[in-house]
Amino acid sequence: MTARFFPSISKLTYTGPESRDPLAFHWYDKDRVVLGKRMEDHLRFAVAYWHSFTWPGGDPFGGETFLRPWMHGTDELALARAKADVAFELFDILDVPFFAFHDRDIAPEGKTLAESNANVRAIADIFAKKMETSKTKLLWGTANLFSNRRFMSGAATNPDPDVFAYSAAQVKNVLEVTHELGGENYVLWGGREGYETLLNTDLKRELDQMARFLNLVVEHKHKIGFKGTILIEPKPQEPTKHQYDFDVGTVYGLLCRAGLEKEVKVNIEANHATLAGHSFEHEIAMAAALGIFGSIDMNKGDAQSGWDTDQFPTNVEDTALAMYEILRAGGYTTGGTNFDAKVRRQSIEPEDLVIAHAAAMDVCARALLIAADMIEDGALQKAVDERYAGWEVPANKAMLAADSSLEAIAARVAAEGLDPQPRSGRQERLEALVGSYLR
Ligand code: XLS
Ligand code: NI
Ligand code: NI
């Protein structure tokens, strides 16, 4: 393969909203200060290794379309090294601060776990070397516990204890590699942690296995001194019919059951929210309300198809509503905006990969500016504050205190002759207000 995969494309720069050059930023102006913070530090963009460098462009009806040079050859480790070169070339062109990977994205699977782990380490060493001079850091690492056929009945929730053990050993390796590379988070996405049919499933046993597995991961995190955040990525189904980490609310229940609601947070993916029957902003707001908001997998689904199409975001209004919730949650700490998104299988040119990311970064940047306006103007928050103002009255607040009782409350209703009068929820007025920030 050629020394460079994107020979005619140099580092993208900000050219302003007037320019129509697709190989430039029109809204993402990384040093622009928004609400007291640089745009780059707000958005913390990451490129996903799997979609951009490992996925060959197949679909259920046909195979590879991309014919990437690093996917063809016999020396698998040499190909993985070539892939790493291309990855850092793209990171540099996009000027992104982060990337994310699964162990199986970056290095070939060996004949034994020891061999596979050694392959992962060999490529991680190459990453470490590249990261000495590159600005791009690791947002998160994760173990692929779903592709190999050994995981067909789950990883931590497999009926076979040997698979539980194998999964634990694999996570140990990737967690350690993530730590050594200075990763800011470690992700667990349980694609096969669920069931196909209840007829062959011991639900309680599988939930217990999952809870213990999560605790093992957290215990090891502390043992090795990893300061990053452990994140669970909710998804309702696909590949399994039902996944235990269905949505943010369900994950919170699992965490409480495992005693980990203060230890583990969530990585929320837009397309997964849609599949669960929620809006993206609902999932973010729910996570914030429960104190488990961590990071974002940014993408979008297709309104007409009910699966995880992982498209790059293009809708500014939807993204602005998500950004508004992220800002209300206080923004990211260790999290970031990871493009868990892939170009369509007909987009076979190298520049398609660059343009997809650049355009998506612009959508997010524009959305951030709109969301910042919403925050700064304060009219939305004011409307919410007014709606709940009654709860600031001491006698009302007292109803929520531990020493209140149904008798006391009932006595007060009788004594004061309370007769609640409904007030408008003013939804259209607030939607119009949101429209005004989009102008
Ligand atoms: C799949 C998930 C996956 C996770 C990482 O639907 O989004 O890509 O982000 O395992
Ligand atoms: Ni994802
Ligand atoms: Ni996904």
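Just so you know, these numbers come straight off a predicted model, no measurement behind them.

Asks: Which parts of the structure should I look at to understand the overall build of the protein?
Replies: For the protein, the helix and strand inventory stands at 16 helices and twelve strands. For the protein, the spread of C-alpha atoms along the principal axes amounts to about 85 × 60 × 45 Å. Taking as baseline every contact in the protein between residues at least 6 positions apart, the subset at least 24 positions apart corresponds to 75%. Roughly 20,900 Å² of accessible area belongs to the protein as shown, and the carbon and sulfur atoms make up 54% of that amount.

Asks: Teacher, can you tell me more about the coordination of the nickel ion (ligand 2) here?
Replies: The nickel ion (ligand 2) binds to the protein through Glu233 (OE), Glu269 (OE), Asp297 (OD) and Asp340 (OD), with metal-donor distances spanning 2.0 to 2.1 Å. For the nickel ion (ligand 2), the six donor atoms in the first shell make angles of 82 to 173° at the metal, so the coordination geometry reads as octahedral. Each donor residue of the nickel ion (ligand 2) belongs to the same chain, and together they define the spacing E-x35-E-x27-D-x42-D. The distance between the nickel ion (ligand 2) and the nickel ion (ligand 3) comes to 3.8 Å, with glutamate 269 serving as a donor to both metals. A residue pair is termed long-range when its members are at least 10 positions apart, and glutamate 233 in the loop between strand S8 (229–232) and strand S9 (242–243) and aspartate 297 in strand S11 (residues 293–298) qualify at 64 residues. The class of glutamate 233 is buried, set by a relative accessible area of 3%.

Asks: Looking at this structure, I do not really get the sheet that holds strand S5 (residues 137–142). What am I missing?
Replies: Pairing between the strands of a sheet comes from backbone hydrogen bonds, and it takes one of two forms, parallel or antiparallel. Read around the closed barrel, the eight strands follow the order S3-S4-S5-S6-S8-S10-S11-S12; overall the barrel is parallel. On average, each strand axis in the sheet is tilted by 30° relative to the strand beside it, whichever way the strands run. Of the strands in this sheet, strand S4 (98–102), S5, strand S6 (185–188) and S8 touch helix H6 (residues 161–180), which is tilted by about 155° from S6.

Asks: Help me out: how do you make sense of unusual backbone geometry in this one?
Replies: Glycine aside, residues mostly have negative phi, and peptide bonds are mostly found in the trans state. Look at the link from glutamate 238 to proline 239: it is a cis peptide, with omega at 10°. Secondary-structure assignment places proline 239 in the loop between S8 and S9. Backbone geometry places leucine 35, a non-glycine residue, at a positive phi of 50°. Note that leucine 35 resides in the loop between strand S1 (33–34) and strand S2 (37–38). Despite not being glycine, aspartate 95 has its phi angle at roughly 60°, a positive value. Take aspartate 95: it is sitting in the loop between helix H3 (76–94) and S4. A residue is classified by how much of its surface remains accessible, and aspartate 95, at 7% relative accessible area, is buried.

Asks: I would appreciate a short explanation of a positive patch on the surface in the present structure.
Replies: There is a patch of like positive charges on the surface, built from Arg387, Arg423, Arg426 and Arg429. Following the sequence through the fold, arginine 426 ends up in the loop between helix H15 (406–416) and helix H16 (427–438).

Asks: Explain the nonpolar core to me, please; I cannot follow it from the model alone.
Replies: The biggest cluster of nonpolar side chains holds 117 residues, and the ones touching the most others in it are Tyr49, Phe101 and Phe127. No other element matches the 16 residues that helix H12 (residues 350–377) contributes to this core. Those residues in contact with tyrosine 49 that sit more than four places away from it in its chain are Thr54, Lys83, Ala84, Ala87, Phe91, Phe99, Ala100, Phe101, Asp105, Ile106 and Phe127.

Asks: In this structure, what is going on with the UniProt feature "binding site: Mg(2+) 2" (unreviewed entry) in the protein? I would like to understand it.
Replies: Here, the residues flagged by UniProt with the feature "binding site: Mg(2+) 2" (unreviewed entry) are Glu269, His272, Asp308 and Asp310. These annotated residues cover 42 residues of sequence, but their C-alpha atoms sit close together, with the largest distance between any two at 10.0 Å. Sequence-distant contacts of histidine 272, defined by excluding residues within four places in its chain, comprise Trp189, Glu233, Pro234, Lys235, Pro236 and Asp308. Along the polypeptide, aspartate 310 turns up in the loop between S11 and helix H11 (316–328). Polar contacts involving the side chain of aspartate 310 include one to the side chain of asparagine 299, which spans 2.9 Å.

About the thresholds
Residues numbered from 1 in each chain as written. Chains lettered and ligands numbered in written order. Predicted model: local features only at pLDDT ≥ 70, side-chain atom pairs only at ≥ 80, totals over all residues. Heavy atoms only, no water. Helix = DSSP H or I, 4+ residues; strand = E, 2+ residues; numbered from the N terminus. Contact = heavy atoms within 4.5 Å. Areas by Shrake-Rupley, 256 points an atom, 1.4 Å probe, with all protein chains shown as cover. Donors = N, O, S within 2.8 Å, 3.2 Å for Na, K, Ca; no water. Tetrahedral: all angles 85-135°; square planar, octahedral: opposite > 155°, others 65-115°. Buried < 20%, exposed > 50% of the residue type's maximum accessible area, 1.4 Å probe, protein only. Pairing = 2+ DSSP bridges. Axes fitted to C-alpha atoms, helices over the stretch in contact; angles between N-to-C directions. Patch = residues over 30% accessible without salt bridge, like charges linked within 9 Å, V, L, I, M, F, W, Y side chains within 5 Å. Salt bridge = Lys/Arg side-chain N within 4 Å of Asp/Glu carboxyl O. Lys, Arg positive; Asp, Glu negative; His and termini not counted. Charge placed at Lys NZ, Arg CZ, Asp CG, Glu CD. Core = buried A, V, L, I, M, F, W, Y, C linked by side-chain atoms within 4.5 Å. UniProt positions renumbered as here; feature names shortened; annotations may be inferred. Polar contact = N/O pair within 3.5 Å; in protein donor to acceptor, adjacent residues only side chain to side chain.

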